[in-house]
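What follows is the residue order along each chain.
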Amino acid sequence: MRFSLRTHSVLFVIALLLSTTASADAIRQTKGDYYDAFRQLDVDLPTPNVYRTASGAPGSQYWQQRASHKIKVELDEAARRINGSETIEYINNSPDSLRYIWLQLDQNRFRNDSLERRSETAVDIGGRRNLADQSAGDVINFAAISRNQAYADTLYGYELKKVVDSKGKPLHYKVIDTMMRIDLPQTLRSGQKTTFSIDWAFNIVNEVPVSARGGYEHFADNDTYIFFLAQWFPRLAAYTDYAGWQHKAFLGRGEFTLEFGDYEVEITVPADHVVSATGALQNASQVLTSEQQKRLKQAETAKTPVFIVTPEEAADNEKEGTSKKKTWIFKADNVRDFAWASSRKFIWDAMGHRQESSSRPFVMAMSFYPNEAEPIWSKYSTQAVLHTMDIYSSFSFAYPYPTAQSVNTWKRGGMEYPMITFNGYRADDTDPETTVDGAPARAYSRATKYGLIGVIIHEIGHIYFPMTVNSDERQWTWMDEGINSFLDYVSAIAWEENFPSYGDNVNVLDSITEYMVSENQVPIMTQSDSIIQFGPNAYSKPTAALIVLRETVMGRELFDFAFKEYATRWKFKRPTPSDFFRTMEDASGVDLDWFWRGWFYSTDHVDVSIANVREYKISSENPEIEFPLNRAEVAAEIPEPLQQSRNREEGRKTRLDRYPELADFYNENDRFTVTNQDRNDYAEMLAGLEDSERTALDRAIKEDQFIYFVDFENLGGLPTPMPLLITYADGTQESMMIPAEIWRRNYKAVTKSFFRDQPIVSFEIDHQHQIADADFSNNHYPRKIEKSRLEIFKDDEKKRNLMEGYFTRLLDAKDGVDKESKEVPLTPLDHKD
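Summarised in this report is the structure supplied together with it.

Thresholds, definitions, all that
Residues numbered from 1 in each chain as written. Predicted model: local features only at pLDDT ≥ 70, side-chain atom pairs only at ≥ 80, totals over all residues. Heavy atoms only, no water. Axes fitted to C-alpha atoms, helices over the stretch in contact; angles between N-to-C directions. Helix = DSSP H or I, 4+ residues; strand = E, 2+ residues; numbered from the N terminus. Parallel < 35°, antiparallel > 145°, perpendicular 65-115°, else oblique. Contact = heavy atoms within 4.5 Å. Nonpolar A, V, L, I, M, F, W, Y, C, P; charged D, E, K, R; others polar. Phe/Tyr/Trp six-rings, centres within 6.5 Å; stacked < 30°, edge-to-face > 60°. Buried < 20%, exposed > 50% of the residue type's maximum accessible area, 1.4 Å probe, protein only. Lys NZ or Arg CZ within 6 Å of the ring centre and 35° of its normal. Salt bridge = Lys/Arg side-chain N within 4 Å of Asp/Glu carboxyl O. Pairing = 2+ DSSP bridges. Expected span 1.5 Å × (residues − 1).

### Quick word on the packing of helix α14 (residues 534-554) against helix α15 (residues 556-569)
Here is step 1 of the chain: Across the interface, α14 lies against α15 with an axial gap of 7 Å and an inter-helix angle of 130 degrees. By the angle between their directions, the pair α14 and α15 is classed as oblique. Here Leu546, Leu549, Arg550, Glu551 and Met554 of α14 come into contact with α15, specifically with Arg556, Leu558, Phe559, Asp560 and Ala562.
Here is step 2 of the chain: Taken together, the residues of the contact of α14 with α15 break down into six nonpolar, no polar and four charged.

### Digging into the packing of aromatic side chains
Here is step 1 of the chain: Scanning the entire structure with this criterion turns up 61 aromatic pairs.
Here is step 2 of the chain: Summarising the aromatic geometry, the rings of Trp232 and Trp340 are spaced 5.9 Å apart at their centres and angled 85 degrees between planes, so their arrangement reads as edge-to-face. Of this pair, Trp232 sits in the loop between β11 (224-229) and β12 (235-236) while Trp340 sits in strand β20 (residues 340-343), and the two are 108 residues apart along the sequence.
Here is step 3 of the chain: Owing to a relative accessible area of 0%, Trp340 belongs among the buried residues under this scheme.
Here is step 4 of the chain: The aromatic ring of Phe256 is capped on one face by Arg235, whose charged end is 4.7 Å from the ring centroid.
Here is step 5 of the chain: Cation over ring: Lys617 sits above Phe706, and NZ or CZ is 4.2 Å from the ring centre.

### Focus on the pattern of salt bridges
Here is step 1 of the chain: The tally for this structure, following the rule as stated, stands at 43 salt bridges.
Here is step 2 of the chain: Of the charged contacts, one joins Asp183 and Arg181 as a salt bridge, the two residues approaching to 2.7 Å between their closest N and O atoms.
Here is step 3 of the chain: According to the relative accessible area criterion, Asp183 is partly exposed, its value standing at 22%.
Here is step 4 of the chain: Its relative accessible area of 22% is what places Arg181 among the partly exposed residues.

### Some remarks on the pairing of strand β16 (residues 274-277)
Across a regular strand the side chains alternate sides, sitting on one face of the sheet and then on the other.
Here is step 1 of the chain: Taking every second residue as pointing to the same face, both faces of β16 are buried, with Val274 and Ser276 on one and Val275 and Ala277 on the other.
Here is step 2 of the chain: Sheet topology note: the β16/β20 ladder contains four bridges and is antiparallel. Considered in β20, the bridge of Val275 is made with Ser342.

### Examining helix α10 (residues 446-461)
Here is step 1 of the chain: The end-to-end C-alpha distance of α10 is 22 Å, a good match for the 22 Å that 16 residues give at a rise of 1.5 Å each.
Here is step 2 of the chain: Burial runs high along α10: 13 of the 16 residues are buried.

### Overview of the sheet that holds strand β7 (residues 173-176)
Here is step 1 of the chain: Across the sheet, four strands lie side by side as β7-β8-β4-β12; this open sheet has antiparallel pairing. Every interior strand has two partners, whereas the edge strands, β7 and β12, have only one.

### With respect to the sheet that holds strand β22 (residues 362-369)
Here is step 1 of the chain: Strand order in the open sheet formed by six strands is β18-β21-β22-β23-β25-β24, with mixed pairing between adjacent strands. Lying at the two open borders of the sheet, with one neighbouring strand each, are β18 (306-309) and β24 (414-417). For this sheet, the mean inter-axis angle between neighbouring strands, taken without regard to orientation, is 20 degrees.
Here is step 2 of the chain: Across four bridges, β24 lies against strand β25 (residues 420-423) in antiparallel orientation. In the sheet register, Tyr417 faces β25, and the bridge partner there is Ile420.
Here is step 3 of the chain: Its contacts with the sheet place α10 against β23 (403-408), β24 and β25, and it is angled at close to 150 degrees to β25.

If you want it as structure tokens, here you go:
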């Protein structure tokens, strides 16, 4: 449709069309409900100082404490118990004087009187992996029953036997739940260090029912165990420039905030055990056979993983048992934690990894797992470790430690520590037996395969974040889980195309939308223990955010440079969210305050819509040209009244047809007839134009472009770029990116104009699914018909037949217990007053 814009300045009209204009609502928003979605974030971030700069880098006086440990520990396999002693050297690098220090006693969370136990709800009584669905009423699951029984059967928590100074004098201490305060006999001033020792013991938790991050797994068929010890020794709480002592109780969700230090650890275990631990093994000649030492050397240059302990040797170890003991000695420099695993069941394979690093050119990648984990572990575990180092190092820095280890400690899930990770998955007991290379093996599902590869990538990735880039997990879970999940998603796609990281949704941006539109959620920046919907909030949503940031907002080149700068700046240091936000902006030159505010500080979601599109051409204002065009367009676009056409079809004549003498001037000239006044008005308009205006008008008429006004609405509230696909009448297409800054004056609705040489038949937002848009039905103009398929419904309600059920064969236990049935039947008791 042509539209005649009658104005004193056609140039003004053209300028108006060229601009991106806000709707009438935008003008009214200058008062009332106006919200500046692009206001600078610095007003909400901590003020830069000598410790942390406005650029996001460590300041000139940045500091962090240091805590080194010498530990001797013995595993009592029969009693499933730990006895340990440690000497800690603590250096006060802060400018402050300290009258006391705080240590973490994480095993105390398993005490029945712990803050975590006492604050459990009916939902989480079954542990973090087995939340009960209370939406339909009171429910208790089998996990909750088993967990309650485990706590009733065994007394958990630390038994502190001795806390003394370097001279053996007792130190006064106070235990508060999972924290212990040691009162120093003398103030520890800046630059000074103190040394003290602790003896302790505890009963190791049965990980499966208790749902812990460490403990043991029992294999009932041959009465063997895998022990995997984490949070197993009293360790220093962090003292920081931004929070002082980070001594918030460990409630099981917000993980750990720790100090770097050097570790020398002696681990005494049954002589037939194989031990995997943080650090490098110092006494291989004392704990390994000569053949195993030879294999370990061969693995350094091998092209495929080499068995250090073969499956056959592991099977033999399981059969024998011993009362003898061996002590494995490990040394780890500049780590923030120490974990280990021990079992007579372990197969051990290894392969060397070469990298471009003058300080760490060689890393040994290793895996430890039982025969129950075969054949999938020997095929994929160490390869996944190697792959992770390849990808993560390209985004950050060379892997900083001598070993990278994956240990199978449970059927699913994973946990991370310096140089060692505890990982599922393994083939399920119900999976059928098969053969691999002619040997018996257990089949594994597609979910198990990709679950295993994915969890190993994720947990080994944690050795970069937060084991090296040492963020505060107790406060900000997303800084390690979210950033790491982003990198493990990138790594998974680099493993193979269409890697099912999010199940059927290969694209995390399609997976995250269900969470982002949900009501029951909190911002990413919420403190760890208060997060609702923990997985999507701390893992998936930050992943989606960083994918959008890299692929759509910043572009790969700018993002990758800035991200590597962040990782390098904060390697072996403790960043906060503001350091990450500021570094990404500082190194890229891109203002991202709107992005952090929307994705990390709000619960808004992405849902942009094309509300309306209008097509125009510039009018010449020449009545000799425009009036005939208008006549033809009206005739083409507005049909005559149906009553009129049917009268004509029936042969009915109008009165004018019957009495032609009634015709006059207006019957001979319609409303589009050009008059002399129209010609005079056109001449007057031309005479009133400046030379530049006349030139612009003549050019616009000659080019005869199509002009479109497109109304965009931000229904989700989260400002976003808009990838726009324009399809032309000849079938060609044009892709363009409308930046998020289009929403800077009105984040709810804007109108944008387009000048094109040929007609447009459709506009579409986010056709490649790159901004996490929650509703694609409103992304296309004109609207598309949604296509799908219907399944024919048949009522399959089964009636209970008493006689049939009575004479049905009773199944043995082996015939099929439903392992997924996790709810225990409850019988209500009537309580009368």
